[in-house]
Amino acid sequence: MTVLEDDLFRREAGRLVATLTRLFGIEHLALAEDVVQDALCRALEVWAFHGVPDNPSAWLLATAKHRAIDVLRRERTARTFAPDVARHLEAVAPPTVAEAFHPAAIRDDQLRLMFSCCQPELAEEAQVVLVLHVLCGFSVDEIAHAFLAGTAAIKKRITRARQALAASPRLFELADNEIAARLPAVHRALYLAFSEGFHGAGEAAVRADLCHHAVRLTALLLEHPASATTASRALLALMCFQTARLPGRLDALGDLQPLLDQDRSRWDRALIAEGQRQMDQAATGSELTAYHVEAVIAAAHCSAARAEDTPWAQIVSLYDLLLALRPSPVVALQRAIAVAEHEGAARGLDELAAIPERDRLAGYPFHAAALGELELRCGRRDAARAHFELAVALARNPAERRFLARRADACGPPRPAGVARSA
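What counts, and at which threshold
Residues numbered from 1 in each chain as written. Predicted model: local features only at pLDDT ≥ 70, side-chain atom pairs only at ≥ 80, totals over all residues. Heavy atoms only, no water. Helix = DSSP H or I, 4+ residues; strand = E, 2+ residues; numbered from the N terminus. Contact = heavy atoms within 4.5 Å. Areas by Shrake-Rupley, 256 points an atom, 1.4 Å probe, with all protein chains shown as cover. Core = buried A, V, L, I, M, F, W, Y, C linked by side-chain atoms within 4.5 Å. Buried < 20%, exposed > 50% of the residue type's maximum accessible area, 1.4 Å probe, protein only. Axes fitted to C-alpha atoms, helices over the stretch in contact; angles between N-to-C directions. Parallel < 35°, antiparallel > 145°, perpendicular 65-115°, else oblique. Left-handed = near helix turned anticlockwise from the far one by under 90°. Nonpolar A, V, L, I, M, F, W, Y, C, P; charged D, E, K, R; others polar. Salt bridge = Lys/Arg side-chain N within 4 Å of Asp/Glu carboxyl O. 1 Å grid on protein atoms, 1.4 Å probe; cavity = no way out; pocket = protein on both sides within 12 Å on 5 of 7 lines; lining within 4 Å. Points joined across faces, edges and corners; volume = space filled by probe spheres on them. Expected span 1.5 Å × (residues − 1). Phe/Tyr/Trp six-rings, centres within 6.5 Å; stacked < 30°, edge-to-face > 60°. pLDDT = per-residue confidence, 0-100. Patch = residues over 30% accessible without salt bridge, like charges linked within 9 Å, V, L, I, M, F, W, Y side chains within 5 Å.

**Remarks on the overall build of the protein chain**
Step number 1: Regarding its fold elements, the protein chain presents 22 helices and zero strands.
Step number 2: A sequence separation of at least 24 residues applies to 66% of the contacts in the protein chain between residues at least 6 apart.
Step number 3: Of the roughly 19500 Å² of accessible surface on the protein chain, 55% is carried by carbon and sulfur atoms.

The following block contains the structure:
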């Protein structure tokens, strides 16, 4: 499967599963996923011989629609399921199927399925897993990577979450009083989906398809008055700013480029403008969330025409605020890096040493990389090389390994044992 097909299938799978779930009932989510899987498999077979159609989205939509009608019409399919399922399917007329695949109805179904996955009876982590799996097309392995969990554990969570959904009488109705309670979990799932794309999931250094898909789903929140909150707009603004920088994250050879070395002329100015527009609207209320602060940090980077124009003092202050709103070792690491840019490498190392719960970063390659970078700036090349070599061992994909290996090489050859390095 090509990257373009993977992006298309991920995007269309979430849309089609949402629509079929409304047709079949939320309790038959697995049936909806099976129908969509059939459509995707059919596409791989047909396109291999005839090529990708001019409008692949329409092709998949039509195929899934016809497959759904087959499920509803064929008696042998109805007999495969329990009698109550058969009665439910027979009650849905084929014309209803055609109406369900109207573009506006599909968008509404995606929105409703997002909130169905975040029902209060489920633990928040299970809610996020469902959104990632059902609507974002994350594989079990990708979700396990995101949660630092085993694949068997994630499979169990998905199974239990589906069972909980099966007890629901219907797909979530978009009632304003319930949306507010479920919205934070929806935000967290979309934020995590985007982060996995931006920082690389699986073997890829950057997954632009995940980023763009998360942007599309977040934009859906703005189509309903109750979910079009300032927090939703701040999250969308953050995603726009970060997505705008994706073209500069990799060079022509597919190698990672650090932020300060990126070619800023490649950044998407239209997306930066859209991020600014969403951020301006997010600032109209009294609510202040971590998404607001992260969006302002991202905007500060995007507004700097050159790396040396970056307002590091402002960014350090913003990270102070972000730590107050959402304390975590990763946020503290990002703040320490900003301090190093503003006040020098030695101060950055002090901040890294002072991170609370620093042991939680032990498996994070860019903690070791930050130590290596700052030690190298301080002239301690052997210490820097050791940190970079650890980072290489922890790297999550080939592009990260190549980038970190180059930084290790920049430290020079290791000093022979017992030989002092000259000043």
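Back to the write-up after that little detour.
**Some points on the nonpolar core**
Step number 1: Among the nonpolar cores identified, the biggest contains 88 residues, and Phe 24, Met 114 and Leu 132 are the most heavily contacted of them.
Step number 2: Grouped together as the second largest cluster of nonpolar side chains are 14 residues, Ala 368, Ala 391, Ala 395 and Ala 399 included.

**Focus on the packing of helix H11 (residues 176-199) against helix H12 (residues 208-221)**
Relative placement of two packed helices is described by the angle separating their axes and the distance separating the axes.
Step number 1: Two elements in contact, H11 and H12, have axes whose closest approach is 7 Å; the angle formed by their N-to-C orientations is 160 degrees. Here H11 is positioned roughly antiparallel relative to H12, judged by the angle of their axes. In terms of crossing hand, the pair formed by H11 and H12 is left-handed. From H11, Leu 183, Val 186, His 187, Leu 190, Ala 193, Phe 194, Glu 196, Gly 197 and Phe 198 reach across to H12, where they touch Leu 210, Cys 211, Ala 214, Val 215, Leu 217, Thr 218 and Leu 221.
Step number 2: Residues belonging to the contact of H11 with H12 are distributed by class as follows: twelve nonpolar, three polar and one charged.

**Concerning the packing of helix H18 (residues 329-343) against helix H19 (residues 345-353)**
Step number 1: One can describe the packing of H18 onto H19 by two numbers: an axis separation of 7 Å at closest approach and a directional angle of 160 degrees. Looking at the two axes, H18 sits roughly antiparallel to H19. Classified by chirality, the crossing of H19 by H18 is right-handed. On H19, the residues touching Leu 333, Arg 335, Ala 336, Val 339, Ala 340 and Glu 343 of H18 are Ala 345, Arg 347, Gly 348, Glu 351 and Leu 352.
Step number 2: In terms of residue class, the contact of H18 with H19 is made up of six nonpolar, one polar and four charged.

**Points about the pattern of salt bridges**
Step number 1: Taken as a whole and assessed by the stated rule, the structure comprises 21 salt bridges.
Step number 2: A salt bridge links Glu 351 to Arg 335, with the nearest nitrogen and oxygen atoms 2.9 Å apart. A residue pair is termed long-range when its members are at least 10 positions apart, and Glu 351 in helix H19 and Arg 335 in helix H18 qualify at 16 residues. The same class applies to Glu 351 and to Arg 335, which are both buried.
Step number 3: Residues participating in the shared-partner salt-bridge network are Asp 320, Arg 335, Glu 343, Arg 347 and Glu 351.

**Some thoughts on the layout of surface pockets**
Step number 1: Approximately 520 Å³ is the volume attributed to the second largest pocket.
Step number 2: Lining the second largest pocket are 20 residues, and of these Ala 13, Gln 37, Leu 40, His 133 and Gly 137 sit closest to its centre.
Step number 3: Of all the elements in the fold, those that place two or more residues in the lining of the second largest pocket are helix H1 (3-24), helix H2 (29-50), helix H8 (124-135) and helix H9 (140-147).

**Quick word on H12**
Structurally, the α-helix is built with 3.6 residues per turn, so residues lying three or four positions apart point the same way.
Step number 1: Its 14 residues give H12 an end-to-end C-alpha distance of 21 Å, which sits within 8% of 20 Å, the value for a rise of 1.5 Å per residue.
Step number 2: Burial analysis of H12 places ten of its 14 residues in the buried class, which makes it a mostly covered element.

**Considering the packing of aromatic side chains**
Step number 1: In total, this model carries three aromatic pairs according to the counting rule given.
Step number 2: Between Tyr 191 and Tyr 291, the aromatic rings sit 5.6 Å apart at their centres with planes inclined by 55 degrees, giving tilted as the arrangement. Of the two residues, Tyr 191 sits in helix H11 while Tyr 291 sits in helix H16 (residues 290-303), which places them 100 residues apart along the sequence.
Step number 3: Residues Phe 194 and Phe 198 carry aromatic rings whose centres are separated by 6.1 Å and whose planes lie at 15 degrees to one another, so their mutual orientation is stacked. Of this pair, Phe 194 and Phe 198 both sit in helix H11, separated by four residues, roughly a single helical turn.

**Observations regarding H16**
Step number 1: With 14 residues, H16 extends 20 Å from end C-alpha to end C-alpha; this agrees with the ideal 20 Å at 1.5 Å per step.
Step number 2: In terms of residue burial, H16 counts as a mostly covered element, since twelve of its 14 residues are buried.
Step number 3: Buried within H16 we find Ala 290, Tyr 291, His 292, Val 293, Glu 294, Ala 295, Ile 297, Ala 298, Ala 299, Ala 300, His 301 and Cys 302.

**Digging into the confidence of the model for the protein chain**
Step number 1: Looking at the protein chain, pLDDT values average 83 and 85% of them are 70 or higher.
Step number 2: Counting contacts from residues 89-95, a segment whose pLDDT is below 50, to residues more than four positions away or on other chains yields ten contacts.

**A look at a nonpolar patch on the surface**
Step number 1: A grouping of Leu 288, Leu 321 and Leu 325 is seen on the molecular surface, where their side chains present a nonpolar patch of about 240 Å² in accessible area.
Step number 2: Its place among the elements puts Leu 288 in the loop between helix H15 (269-282) and H16.
Step number 3: Looking at Leu 288, the relative accessible area reads 46%, which means it is partly exposed.

**Looking at the environment of Gly 363**
Step number 1: Tracing the backbone shows Gly 363 in the loop between H19 and helix H20 (365-377).
Step number 2: Under the relative-accessibility criterion, Gly 363 is labelled exposed at 53%.
Step number 3: A C-alpha to C-alpha distance of 9.6 Å links Gly 363 and Ala 393, two positions 30 residues apart in sequence.

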